[in-house]
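# A structural walkthrough
So the chains spell out like this:
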Amino acid sequence: NSSGDKAQDATRFWFDTRANLRREMEDRKSRFNDQNEVRGKLAEVLRKHAGAGGGFDGVHVFTPHADVPDDGALRLCFLPPEKYYLKSEARLAADEVVEFVRNNGTKPRFRGNRLIFVAPDQASLARLRDSIRTALAWASITDDVKEGRLNIDRLQEQQAKKEQATAEEVLPRVAKECYKWLLCPVMAQPTDRQVTIEALPLNSSGGTYAAEIERVC
């Protein structure tokens, strides 16, 4: 309502009591820990999209080498985010691959040539983690609405569900863009303890992730 005083009306503020969903989502992103929720969600995404239609006998995501069997099966191993690959500094990923090829827990590994590895690109990790946090934040909002912990109107609820779906749809593409290095251990002789690592880039566009890994192999 107008008081009739234009100067007074010009300084009057109106507050919306509804939650600002975008601000709420941004606030919630910081709740999620890289080593727990973010890592768990990333493993879920990689497992789903690398295992679909792949020709590998086993897909191991962030699995310790003690838990990757030493048998004749062809196995694909995804290195954890902290073991990233960088052309100018390949040591982190390469050392991890060598550890897998040589060891099966406390025992020596005899079939290291049956393991293929995928490592994340260091430059893409920040974007991937941010995308995962966004998806987790929207999921927590829709969960809170469902359980009655957050009261918003029907229009906002629909918006939150749409934002969650969009955030989830983005994750496979961003994960593929980050986990784009196929690392193949090479030994000149079967008994050779000297292992070299061949790094091959995966094409993140077109086709399924599993098919692209097979193509490069």
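The text that follows walks through the structure, step by step, so that each part is easy to find. (Residues numbered from 1 in each chain as written. Predicted model: local features only at pLDDT ≥ 70, side-chain atom pairs only at ≥ 80, totals over all residues. Heavy atoms only, no water.)

### Digging into the pairing of strand β5 (residues 115-119)
Burial within β5 is extensive, with five of its five residues counted as buried. Here β5 shows two buried faces, one formed by L115, F117 and A119 and the other by I116 and V118. Summarising the sheet, strand β2 (residues 75-78) and β5 pair through four bridges and their orientation is parallel. When the sheet's bridge partners are listed, C77 is paired in β5 with F117. (Buried < 20%, exposed > 50% of the residue type's maximum accessible area, 1.4 Å probe, protein only. Helix = DSSP H or I, 4+ residues; strand = E, 2+ residues; numbered from the N terminus. Pairing = 2+ DSSP bridges.)

### Some points on unusual backbone geometry
Of all residues except glycine, most have a negative phi; of all peptide bonds, most are trans. Of note in this structure, F62 is not a glycine but carries a positive phi near 55°. Looking at the secondary structure, you find F62 in the loop between β1 (58-61) and β2.

### Some words on the sheet that holds β5
Two modes of strand pairing occur in sheets, parallel and antiparallel, and in both the strands are linked by backbone hydrogen bonds. Pairing is mixed in the open sheet, where five strands are placed in the order β1-β2-β5-β6-β7. The two strands at the open ends of the sheet, each matched to only one other strand, are β1 and β7 (196-201). Each neighbouring strand pair of the sheet contributes to a mean axis angle of 25°, computed without reference to strand direction. Pairing between β1 and β2: four bridges, direction parallel. (Axes fitted to C-alpha atoms, helices over the stretch in contact; angles between N-to-C directions.)

### Details of helix α5 (residues 125-146)
Taking 1.5 Å of rise per residue, 22 residues should cover 32 Å, and α5 covers 32 Å from first to last C-alpha, within 8% of that figure. Within α5, 16 of the 22 residues are buried, leaving the element largely enclosed by the surrounding structure. Backbone geometry just after α5 places G148 at a positive phi near 80°. (Expected span 1.5 Å × (residues − 1).)

### Here's the deal with the packing of α5 against helix α6 (residues 154-178)
Put simply, α5 and α6 touch, their axes get as near as 8 Å, and they point 155° apart. It follows that α5 is roughly antiparallel to α6 by the angle criterion. Crossing geometry of α5 relative to α6 is assigned as left-handed. Here the contact of α5 with α6 is composed, by residue class, of 14 nonpolar, four polar and seven charged. (Parallel < 35°, antiparallel > 145°, perpendicular 65-115°, else oblique. Left-handed = near helix turned anticlockwise from the far one by under 90°. Nonpolar A, V, L, I, M, F, W, Y, C, P; charged D, E, K, R; others polar.)

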